[in-house]
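A structural walkthrough
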Amino acid sequence: MAEQKTMTINMGPQHPATHGVLRIVLELDGEIIRKATPVLGHLHRGIEKLAEAKTYHQCIPLTDRMDYVNAMGHNLGYVLAVEKLLGVEIPVRAQYVRVMLAELQRIASHLIWLGTHVLDLGATTPIMYCFREREAILRIFEEVAGGRITPTYFRIGGLPRDLPDGAVDLVRDFVKDFPRRIDDYEALLTQNVIFQRRTKGVGVLSAEDAINFSVTGPTLRGSGVSYDVRKATPYSRYEDFDFEVPVGEKGDVFDRYLVRMEEMRQSRRIVEQVVENLPEGPIKADAPQVVLPDKEDVETRIDALIRHFKIGFEGFQTPVGEVFQSVEASKGELGYYIVSDGGNKPFRLRVRAPSFANLSALPKMIEGQMIADVIATIGSIDIVLGEIDR
Amino acid sequence: MAEREVIKRMRERFPSELLDYRVFRDEVTLVVRRDSLCKIMEYLHDDLAFDLLTDLCGVDRFTEHPRFEVVYHLYSIKRNDRVRVKVPVDEGETVPTVETVWKGANWYERETFDMLGIAFENHSNLKRILLWDEFDGHPLRKDFPTEGRDFENPVLPDT
């Protein structure tokens, strides 16, 4: 028998299918992958170190930049962690608005995933449609927060200002329009023979392996494990809303696709419930030590002006201790771990990024498969390198 | 009160290995001894069903002794319960790897090694993960320079 030779090739650091700067060293036997080694860190910016030199309020914009397609989710995780550390309870209206924006962001994030994932597989049309729908969501963000990609809208203790007039109408329009759109995508893809051949039985991850590799989010649920932080340990009033957690069976690329498609429908359902039941009331917690005052008060009242500068420059003192708060981001369980020494800056801020753990299971999914399946599998775990490298 | 249950079980099973425990904001923290970490983690995984290693990271408490803490966040999907395990470790000491219990620990331990310079015993591939191999120092240490002469002249890889 002839001696078997393998060839090593690099996929990346710049490759359209790696969705960012990621290099994967592939050891190939013909077209079969014998060994895959992801090499990351090309985008490392030291955000955890930066946070140690900033006050708690100043850290919020850093969180936007980690997963730049799911900025609201990161904002939410961080402010909830600080609020947990402080023991601050925020008003219901603010919590509902947060849920609404986080769910809209989940839809936007999944739309980017859908467009780029099927583009990798050769379908060029859906990305145009997906960006059109995402634009509608970004328009809502622009109206509400002023920013599109990096909204930085959540504050410790609530929201900086209430929803502007007309924002809720924009959300209503989107909610009404979206089911028709998502049916269109499904009609294009789900029954498509080429799409099915490329995705069914590809990149299989069993439930035991998924748990063992700390995989979370749609990638874990695609493998048949019904674990969703929104249901398991509800935060920000998720228990008030009626929604289901879709679960796959086989753990292949196709199941992950189906899970995310259904998740978009469920997110739309949550947004619909928020706009129907949005209560009136304040949008900031009654905690003057930590909450920034209203801008109108800053211009007219000296005590508000002093408080504004004091919180802006010095921040606030925190109890000594440590908290871990996780939220269900679009990629999986996103955790913020804050160690406080009682000062106005985090002593240690640690981000448990879902993409990091999900990527670590990639070699398990693709070893023994064809090189074209690497493309399909990377797309299906929906990684964002900004979050992996931090 | 599932959370108190963890403390009770641990106190019965590991009276001398469990150094300390506390509850802050409803979160349980167990501080355990470094040399019996594997045994404790296997017990938590197998008997108490903490099947998901949510997170693993390190904390640098510079000027204190022991200097570092390695922090494990565990979650049980079956029982919907969380626990935090901490291991105090001093400079130059190593921590046994928990890769044998959770494969996901592989990358987390590499990251902790990269950022804080804590070595893990018996790890299958203890290399830097976020920074390049020639990088000098461990950035998340409190005494790592963030400005000044050393900062202006970083060690760059050969290209």
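This section reports on the structure supplied with the text. (Residues numbered from 1 in each chain as written. Chains lettered and ligands numbered in written order. Predicted model: local features only at pLDDT ≥ 70, side-chain atom pairs only at ≥ 80, totals over all residues. Heavy atoms only, no water.)

1. Side note on the overall build of chain B
The condition that has to hold: Note on conventions: DSSP H or I runs of at least 4 residues are helices, E runs of at least 2 residues are strands, and numbering of each starts at the N terminus. Three exposure classes are used, based on accessible area relative to the maximum for each residue type with a 1.4 Å probe and protein chains only: buried under 20%, partly exposed in between, and exposed over 50%. We call two residues in contact whenever any of their non-hydrogen atoms come within 4.5 Å of each other. Computed with a 1.4 Å probe, the accessible areas rest on the Shrake-Rupley method; for each residue, only the protein chains presented here act as cover. Counted as positive: Lys and Arg. Counted as negative: Asp and Glu. His and the chain ends are not counted at all. Where a charge sits is defined by one atom per residue type, namely NZ (Lys), CZ (Arg), CG (Asp) or CD (Glu).
A tally of regular secondary structure across chain B gives 4 helices and 7 strands. Written out in order from the N terminus, the α and β elements of chain B read α-β-β-α-β-β-β-β-α-β-α. Each of the three principal axes of chain B carries a C-alpha extent, and together these read 55 × 30 × 25 Å. The 159 residues of chain B split such that 52% are buried. Contacts in chain B between residues at least 24 apart in sequence constitute 49% of all its contacts with a sequence separation of at least 6. Surface exposure of chain B reaches about 7700 Å², of which carbon and sulfur atoms provide 47%. Between the averaged position of the 24 positive side-chain charges in chain B and that of its 33 negative side-chain charges there is a distance of 6 Å.

2. Quick word on helix 11 (residues 253-277) of chain A
Going by this rule: Multiplying 1.5 Å by the residue count of a helix minus one yields the expected span of that helix.
Compared with an ideal rise of 1.5 Å per residue, which puts 25 residues at 36 Å, helix 11 of chain A spans 36 Å between its outermost C-alpha atoms and is within 8% of the ideal. In terms of burial, helix 11 of chain A is a largely internal element, 18 of the 25 residues being buried.

3. Here's the deal with the sheet that holds strand 1 (residues 18-24) of chain B
Residue and element names in this part refer to chain B. The criterion, for reference: Note: two strands are recorded as paired if DSSP finds a minimum of 2 bridges between them. Think of each axis as a best-fit line through the C-alpha atoms, taken over the contacting stretch in the case of a helix, with angles from 0 to 180 degrees between the N-to-C directions.
Strand order in the open sheet made by the 5 strands is 1-2-5-4-3, with mixed pairing throughout. What marks the edges here is a single partner per strand, and that holds for strand 1 and strand 3 (52-60). Geometrically, the sheet is characterised by an average inter-axis angle of 20° between neighbouring strands, direction not taken into account. Inspection of the sheet shows strand 2 (residues 27-32) paired to strand 5 (residues 81-89) by 3 bridges, in the parallel sense. Pairing of Val31 across the sheet is with Lys86, part of strand 5.

4. Quick word on the packing of aromatic side chains
All names here are of chain A. Note the cut-off: Pairing of aromatic rings covers Phe, Tyr and Trp, the last through its six-membered ring, and needs centres within 6.5 Å; plane angles under 30 degrees mean stacked, over 60 mean edge-to-face, and all others mean tilted. By definition here, charges over rings are those cases where NZ of Lys or CZ of Arg is within 6 Å of the ring centre and within 35 degrees of the ring normal.
Throughout the structure, instances matching the rule amount to 18 aromatic pairs over all chains. Judged by centre distance (5.0 Å) and plane angle (55°), the ring pair of Tyr96 and Phe241 falls under tilted. Placement of the pair is Tyr96 in helix 4 (residues 92-120) and Phe241 in the loop between helix 10 (229-232) and helix 11, with a sequence separation of 145 residues. Taking relative accessible area as the criterion, Tyr96 reaches 8% and is therefore assigned buried. A relative accessible area of 4% means that Phe241 is categorised as buried. Judged by centre distance (6.1 Å) and plane angle (50°), the ring pair of Tyr153 and Phe154 falls under tilted. Given the relative accessible area of 1%, Tyr153 is considered buried. A connected cluster of aromatic rings, assembled from ring pairs, spans Trp113, Phe195, Phe254 and Tyr257. Positioned above the aromatic ring of Phe154 is the side chain of Arg98, whose terminal nitrogen or guanidinium carbon lies 5.6 Å from the ring centre. Here Arg390 stacks its cationic end above the ring of Phe356, 5.3 Å away from the centre of that ring.

5. Here we look at unusual backbone geometry
The residue after B:His65, namely B:Pro66, is reached through a cis peptide bond having omega -5°. Unlike most non-glycine residues, A:Asp382 shows phi in positive territory, near 55°. Mapping A:Asp382 onto the fold places it in the loop between helix 16 (371-381) and helix 17 (385-389). With a relative accessible area of 8%, A:Asp382 lands in the buried category. The backbone of B:Asp26 sits at a positive phi, close to 65°, despite the residue not being glycine. Summarising the element assignment, B:Asp26 is placed in the loop between strand 1 and strand 2. Among the residues examined, B:Asp26 registers a relative accessible area of 54% and is labelled exposed.

Just geometry here; none of it tells us what the structure is for.
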